[in-house]
Amino acid sequence: MPPTSAGKTFISFYAMEKVLKADDDGVLVYVAPTTAIVNQIAAEIHGRFSKNYKHAGRSVWAIYTRDYRINNPTGCQILVTVPHMLQSMLLTPMHAGKNNSWSTRIKRIIFDEIHSIGQGKDGVIWEQLLLQAPCPVIALSATVGNPRELSDWLSLTEMANANELVTVQHHHRYSHLRSFVYVPPKVFCFSGLPALPGIYTPGLDGSNAFAFVHPVASLISREKGMPNDLSLEARDCLRLWQTMSRYATEKHSLPQSLHPETILPLLVKKIDVINWEAELREVLRQWMVDDSSPFDLVSRDLGSNLQHMVARDAMNTKHSCGKDCDHREVDTGSLFSTILPVLVDLHAKDALPCLVFNYDRIMCETLAHFTIDELCSKENAWKASKSSWQKKMADFDQYQKELEIARARAAKAPRKEPKKKKKRGEDEDDDEKVSKAERAREQANADVSVWAGFNPDAPIDGFHFADITKLAMSELAEMQSELRVCRVPEWIVHGLERGVGVHHSGMHRRYLQIVEILFRRGFLRVVLATGTLALGINMPCKTVVFAGDSMSLTALNFRQAAGRAGRRGFDLLGNVVFVGMQLAKVFRLLSSRLTDLTTQYPISTSLILRLAVLLHESNNSSFAVQTINSIFSRPHLYLGLPESGTTVRHHLRFSIEYLRRQLLLDTNGAPINFASFISPLSYTGNSVWAFHALLSKGYFHTLCKDIEINPERVLATLMLVLSHIFERQSCKRSDIEFIDDDIKRSSSVVFLPPLPEAAKDALSAHNAETLSVFKAHAKTYINQYLDDEDNKLPLTKYNIGSEVVLDIPASARGPPPVVRSAFVALSGHGDEFSTISELCDTVRSGVFLEEAIVPYLPIYREESDPPLNAYLLDFCKHGDIRTIEHANKIQASEIWSRLKGMLDLCRIRILYHDTNILQDFSTILHTIVSCLTDLTKSVPLFNTDNLGIQRERDSPKAERNEKAFVKQAETDTGKYTQDTSVYCTANAKNTNVNDDNEEDWHHNAMNDKDLLRVLRAFVKLRGEFEVKLRKIAD
C-alpha cells in the first residue's frame, strides 16, 4: 500500500517474469477495475516481455473484457481482465473439469486498485474473487482508509489456503504535491501563448495567478483531527516551525529539539525531513486536541494569503493592452470564462502537461469545446491583423499556381520513348544530347520546395498546446482519419491538433485510446476528464486541475486524481490547482480522511446457482469443490471474522430452498430448467429473478402466442414489461409544472405506465413465495442460534442500556412475535409481513437479513413510489435521443451508455461508446435471445456464460441459427406432443424435475411451440431496437 506515483505496478512485472520463466503452462491474472487500465497494462506487458512457444495458439498475454478481447484468454500466460470476466472464467465448468484445466494452472492473481472492493456497484465481485481465488494473491492500492482491517481479513482468507500474506506499507510520496487556488484575472487579452521561462522552476510559486495552500491551513476542524496521509515538504516544515514558534506559549511550548539547526544535519537528506515532519506533526496534534492551545492562530496565519483573494486586474499574453486590444472580461464564477486563462497561466509557468478534472461528462466536452473555439478564433484574428501572414499566404498561393501550371505541362508533354543503347563507336545525335540548361531544370524540379510541407490550416505556434516535437504530423493525420471513419465529431478530432483532448467513459473507445497514447507521448498537453483517468491509469502530468465542484469529488476520488501529478523520474514536484471551487471545499478535500472500506454481503443466490452449475457440469472436479469450500469457509469482510460462518451456512441453506422451489435445482442439487438464464444475466442483479418468474410462470408464453397475429401489441407490451424489470431509473421530476411544460408537448410518455395485471400477478406471487422462504430463514435462525434478548433498536442499531425485559403481551392474533423486533412489536405488530422490505427492516437484532441479497424485485406502485422513467419504452416508441434528453431528463451520454450494446452488435461506431456495458439493455436483449435459442435446441450454440465477451465474434453465427429456428418453428414443433414441457425438453436427463413442485401449472402451457414464439418475439424486438439505433447513427 504505497502512495500514488510510487511505482507499485513494478511489483506486478516481477511476478509476471517469474511465471513466464518457470514454464509454459503457468498463468498469472491481472485484474483491473477499468478497461483503460487493462489497455495500459497490456501495452506495457507487450513492450516488456516476449517468448517463443512450441505450440501454435499460445501467447504471452491476452486481454479479456466484456466488449472485446485480444489473443486467446485460455492460451496465454498473462491474462489482463476485469473482475466480472475473471469470475465468469473461474465459474465456467469447462475450465475446471480436468487436472490441467485453465483454472488449475493459475499461479498468481494480481488485484490492482483493491480499494474497489468498497464500491457499491461492483465491489461485491471483488470480494467474491478474493474468497474463491485458487492461488496466492497480490493486492495493490494507494488509497485504503482502513489498511489494518483489510490486511487482517486478507491474511485470514489466505491462511485458509495455507498461504501467508505479507502487508507492505509505504507512507511517503516520491514527489511532493503542492496545492494552489487559482486567482483569475478581471480582463483576459489573448494574442498567443507567452514564451516559456528560460529556467524552469518547479512549482507555481512566484506568480500572482496561483495562491499557495499550506497543508496545515486546511485543518480547520479540530474534531476531525489530522489525516494520516497529510504530507509536508521541507519548506512546509520550516514555515510551520516558524509559525508555531511565534505563537507558542508557556503552556503550549515548542521543544527546542525541533529547531531546524538542532534536528537537521549539515547535509540534509529526505529521511531527515521526514523525521522532522513526524515530530512537528505530533506536537501539532497535541495542540489540536487542546482548545486552549494556539492552534487556530497557527492555522489562520498559514492561510492568511487565502483570506482576501481578489481577481487580478488584466492578463495579457504577448503585449501590453491598448485601446484596440481585443480583450474580454472574465466571469470569475464561470468555468467557461476561466478555463483558457488558467491553461495559459500554467503554460507560462511551464506547468504543462495537465489533467483537468470535472466529474460531469457534458461539462468536460463543453469546456474543451470552448477552449478549442477560442484558440481558433484568436488565431484567425491574429492572421487577419498580421501583414507578414498575409504575405506568406500570397507567396503560398503563387506556389500553388506555379505547381498547377507545371503539372498541366507535364500532363500534356508526350512521353519519351526509352533510348536505345548506342553501339560502341556510334555518335550520338545532337537532339539526344542533354544540354546543361535542361539538366539544371531537372535538378530544380527534383528539389523539394519550401512550400511542399506547408499546411495553412494547421494551428500556428502560440495558438495550440501540443508539443509538435513529440509526434510526426503524418502519424497524427492517420489517427485523425481513423477517427473520422469512426464518425467522431470534427471539433473533437480537430482538438487533437490544438493539444486538447477529452476523456470520459462515454467517448468512442478508439478515441480514448488515441488520447491516452498522445498524452503519454507528450504531444497532448491538456486533457479534460472525469474520473476515468483518476483510477490507477498511467497518465502522469505536472499539474492536476480540479475545475468546479461535484458531489462525486470525494476524499477518495480527490486523492486518486491528485496523485496523477508529479511524474516520478520527470518531476520533482506535482501541482494541484483548484479552479471555481469554494475555499471551504478545498480545505475539506485536503484535510479529510479516507473513508473506511465498506463492502456488501458477497454470497448472492445467483452465485450459489452458478456454483451448483460449476460443480455439476465439471463432474464434481477438485477445483469446483475447492472453490465452494473457499467461498463458504473463509471469513467475510462484510460480516467480520470467522464467527460469520454460521450466518453464511444458514443463508446458503435457505437460498438452496428458494432455488428448489423455483425449480432451478433438483433434489440432488443439479441445475435444471431455466438455470441457464441466471448466469449470463446475473450482472443485472435481482432483475434476473423477476424475469425468471415471468418466464417460468408462463407469462411470456401467454403474451407471445399472438406474435404473428398482432406483433405490434405483443412487442409494445413486452417492451413495457422489460422496462419495469431492467435498467430501472426513477424520474427526477414529477410536479405539475414539469408535466404541463414538458410532458404534454412531448412524444415521450416519460412516466412508465403500470405493469399489465397478468405480469403484476406473476411477480406478486413470486415475491410472496420468496417472502415465505426468507421469513422461515429468519425464524429458524432465531430458534437455533439466538438465546439472548432483543436489545437493539431496529433503525439506529443502538443497544439499549437497560436490563429490563420488555413484556410484550400476546395479541388476539397469536403469541408474541419471534421474528419481528420487540421494539416494533410494541406498536401491536406481530410476525405477519406484507413485503420483503418490511421483513428486512423490522427483523429482530442478531439476524443478518439484507434486502439486497433477497432474490426479488419490488413492484412499482403508482400510488406511493416515485414514478419510473419510461426512457427505454420511449426510445422504442420514437427513437429520438434529443426528445429523451429534453423530456425524460437523461443526459445524452448517459443514454448512449445504456443503449450502446446494440451498437457493438451492428458494428456502428459513434461518439458515445461507453466501455462499461454491464448494465446495458441492448446487451440484455441479446443475452435473452441467445439463451432462448440455446434452450430451444438443448445444445448451446456457444458458451452463454461468456456471452458478453464473445458476442462480436459469435453473434453472426448465433443470429443465423436463431433465424433458422424461427423459420422452421412449425416443422420442429410437430415432432413434440402438446403435453411435453420446455423443462422436460431442455433437461431430458432430469427425470425428477417435479419432485419439489406443488403444482403442475406450467406443464401443459409451456411446450416447445410456445417457447419458440417467445424466442420469435424477442428476436423481433431486438430487430426493431437495432433499426432505431441504425437510424440514429445515420
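No experiment lies behind these values; they were computed from the predicted model shown.

### Digging into the overall build of the protein
Part 1: Within the protein one finds 38 helices and 16 strands.
Part 2: Burial statistics for the protein: of 1034 residues in total, 55% are counted as buried.
Part 3: Nonlocal contacts in the protein, meaning residues at least 24 apart in sequence, comprise 76% of its contacts between residues at least 6 apart.

### Things to note about the sheet that holds strand β16 (residues 573-579)
Adjacent strands of a sheet form backbone hydrogen bonds with each other and so pair up, either parallel or antiparallel.
Part 1: With respect to topology, seven strands assemble into an open sheet ordered β9-β7-β16-β15-β12-β14-β13, the strand pairing being mixed. Sheet topology places β9 (210-213) and β13 (500-503) at the edges, where each strand pairs with a single neighbour. For this sheet, the mean angle separating the axes of adjacent strands, direction not counted, is 25 degrees.
Part 2: As paired elements, strand β15 (residues 543-547) and β16 share five bridges and run parallel to each other.

### Overview of unusual backbone geometry
One can expect most non-glycine residues to show negative phi and most peptide bonds to be in trans.
Part 1: The linkage connecting L352 with the following residue, P353, adopts the cis geometry, with an omega of 10 degrees.
Part 2: Relative to the elements of secondary structure, P353 occurs in the loop between α10 (335-348) and β12 (354-357).
Part 3: Even without glycine at this site, N71 takes up a positive phi of about 70 degrees.
Part 4: A positive phi angle, close to 65 degrees, is found at R487, a residue other than glycine.
Part 5: Residue placement: R487 occurs in the loop between α14 (473-485) and α15 (490-497).
Part 6: Judged by its relative accessible area of 42%, R487 falls in the partly exposed class.

### Let's talk about helix α4 (residues 123-132)
Part 1: Counting buried positions over the 10 residues of α4 gives 10, a clear majority of the element.
Part 2: Each element contacted by the buried residues of α4 is listed here: β1 (27-31), α3 (83-90), β5 (106-112), α5 (147-159), α19 (605-617) and α20 (622-633).

### Some points on the environment of A368
Part 1: Within the element layout of this structure, A368 appears in helix α11 (residues 361-385).
Part 2: Given the relative accessible area of 0%, A368 is considered buried.
Part 3: Placed 32 residues apart in sequence, A368 and F336 show a C-alpha to C-alpha distance of 9.1 Å.
Part 4: Excluding residues that lie within four positions of it along the chain, A368 makes contacts with W491, V500, V502 and L528.

### Considerations on the sheet that holds strand β8 (residues 185-189)
Part 1: An order of β10-β8-β11 is seen for the three strands of this open sheet, with the pairing classed as mixed. If you trace the sheet from one side to the other, it starts and ends with β10 (312-316) and β11 (328-329), each paired once.

### As for the pattern of salt bridges
Part 1: Counted under the stated rule, the structure contains 25 salt bridges.
Part 2: A salt bridge links D229 to R559, with the shortest nitrogen-to-oxygen separation between them at 2.5 Å. Placement of D229 in the loop between β9 and α6 (234-247) and of R559 in helix α17 (residues 555-562) is noted, with a sequence separation of 330 residues between them.
Part 3: On the basis of relative accessible area, D229 is assigned to the partly exposed category, the value being 41%.
Part 4: For K383, the salt bridge identified is with E379, shortest N-O distance 3.8 Å. On the criterion of helical spacing, the pair formed by K383 and E379 is a turn pair, its members being four residues apart in helix α11.
Part 5: Given a relative accessible area of 2%, E379 falls into the buried group.

### What about the nonpolar core?
Part 1: Counting 133 residues, the largest nonpolar core has I109, F677 and F1018 as the members making the most contacts within it.
Part 2: Excluding anything up to four places from it in sequence, I109 contacts V29, V31, L86, A133, P134, C135, P136, V137 and I138.
Part 3: Among the nonpolar cores identified, the runner-up in size contains 121 residues, and W61, L346, Y359 and A368 belong to it.

### Topic: the confidence of the model for the protein
Part 1: Averaged over all residues, the pLDDT of the protein equals 80, while 81% of them reach at least 70.
Part 2: For residues 900-919, every residue scores under 50 in pLDDT, and the model assigns this stretch 84 contacts once sequence neighbours within four places are set aside.
Part 3: When the criterion is pLDDT under 50, residues 938-1006 qualifies, and its contacts beyond four places in sequence or with other chains add up to 140 contacts.

### Section: the packing of aromatic side chains
Part 1: Here the structure, examined in full by the defined rule, presents 26 aromatic pairs.
Part 2: For the ring pair F336 and F370, a centre distance of 4.8 Å and an interplane angle of 20 degrees mean the geometry is stacked. Taken as a pair, F336 in helix α10 and F370 in helix α11 lie far apart in primary sequence, 34 residues in all.
Part 3: With centroids separated by 5.9 Å and ring planes inclined at 25 degrees, the aromatic side chains of F558 and F578 adopt a geometry described as stacked. Of this pair, F558 sits in helix α17 while F578 sits in strand β16, placing them 20 residues apart in sequence.
Part 4: Overall, F558 belongs to the buried group, its relative accessible area being 6%.
Part 5: For F578, a relative accessible area of 2% puts it in the buried group.
Part 6: An aromatic cluster is present here, built from F674, F677, F691, Y699, F700, F726 and F1018 joined pairwise through their rings.
Part 7: The ring centre of F212 lies 4.5 Å from the NZ or CZ of R235, which sits over that ring.
Part 8: Cation over ring: K542 sits above Y200, and NZ or CZ is 4.4 Å from the ring centre.

### Describing the packing of α11 against helix α12 (residues 387-412)
Part 1: Direction vectors running N to C along α11 and α12 enclose 85 degrees, while the axes themselves pass 5 Å from each other. Here α11 is positioned roughly perpendicular relative to α12, judged by the angle of their axes. Side by side, α11 and α12 meet where W382, K383, A384 and S385 of the first sit next to S387, W389 and Q390 of the second.
Part 2: Of the residues assigned to the contact of α11 with α12, the class counts are three nonpolar, three polar and one charged.

### Re the side chain of R525
Part 1: With respect to the element layout, R525 can be found in the loop between α16 (509-521) and β14 (526-529).
Part 2: Despite being buried, R525 has no salt bridge partner; D350 is the closest side chain of opposite charge, sitting 4.8 Å away.
Part 3: Here R525 is in contact with H347, L352, P353, C354, F465, A466, D467, G499 and F519, once residues within four sequence places are set aside.

### Observations concerning the environment of S747
Part 1: Locating S747 in the fold gives a position in the loop between α26 (736-743) and α27 (757-785).
Part 2: Taking C-alpha positions, S747 is 8.7 Å from A887, a pair spaced 140 residues apart along the chain.

### What about the packing of α6 against helix α8 (residues 270-289)?
Part 1: Contact pair α6 / α8: the axes reach a minimum separation of 10 Å and the direction vectors enclose 40 degrees. In terms of axis orientation, α6 runs oblique to α8. Along this stretch, α6 crosses α8, giving a crossing that reads as left-handed. Where α6 approaches α8, its residues A234, C237, L238, L240, W241 and M244 are matched on the opposing element by V273, W276, E277, L280, V283, L284 and W287.
Part 2: Partitioned by chemical class, the residues of the contact of α6 with α8 number 12 nonpolar, no polar and one charged.

### So, the environment of S633
Part 1: Here S633 shows up in helix α20.
Part 2: Taking the C-alpha atoms as reference points, S633 and T646, separated by 13 residues in sequence, lie 10.0 Å from one another.

### Here's the deal with α20
Part 1: The end-to-end C-alpha distance of α20, which contains 12 residues, comes to 16 Å, matching closely the 16 Å that a straight helix rising 1.5 Å per residue would cover.
Part 2: Taken as a whole, α20 has its buried residues at F623, A624, T627, I628, S630, I631 and F632.
Part 3: The secondary structure elements touched by the buried residues of α20 are α3, α4, α19 and α21 (645-661).

### Some thoughts on the side chain of D666
Part 1: If you trace the backbone, D666 turns up in the loop between α21 and α22 (675-678).
Part 2: In this structure, D666 is buried with no salt-bridge partner, the nearest side chain bearing the opposite charge being R660 at 7.1 Å.
Part 3: Looking at D666, its side chain comes within polar contact range of the main-chain nitrogen of N668, at 2.9 Å.

The rules behind each value
- Residues numbered from 1 in each chain as written.
- Predicted model: local features only at pLDDT ≥ 70, side-chain atom pairs only at ≥ 80, totals over all residues.
- Heavy atoms only, no water.
- Helix = DSSP H or I, 4+ residues; strand = E, 2+ residues; numbered from the N terminus.
- Buried < 20%, exposed > 50% of the residue type's maximum accessible area, 1.4 Å probe, protein only.
- Contact = heavy atoms within 4.5 Å.
- Pairing = 2+ DSSP bridges.
- Axes fitted to C-alpha atoms, helices over the stretch in contact; angles between N-to-C directions.
- Salt bridge = Lys/Arg side-chain N within 4 Å of Asp/Glu carboxyl O.
- Core = buried A, V, L, I, M, F, W, Y, C linked by side-chain atoms within 4.5 Å.
- pLDDT = per-residue confidence, 0-100.
- Phe/Tyr/Trp six-rings, centres within 6.5 Å; stacked < 30°, edge-to-face > 60°.
- Lys NZ or Arg CZ within 6 Å of the ring centre and 35° of its normal.
- Parallel < 35°, antiparallel > 145°, perpendicular 65-115°, else oblique.
- Nonpolar A, V, L, I, M, F, W, Y, C, P; charged D, E, K, R; others polar.
- Lys, Arg positive; Asp, Glu negative; His and termini not counted.
- Left-handed = near helix turned anticlockwise from the far one by under 90°.
- Expected span 1.5 Å × (residues − 1).
- Polar contact = N/O pair within 3.5 Å; in protein donor to acceptor, adjacent residues only side chain to side chain.

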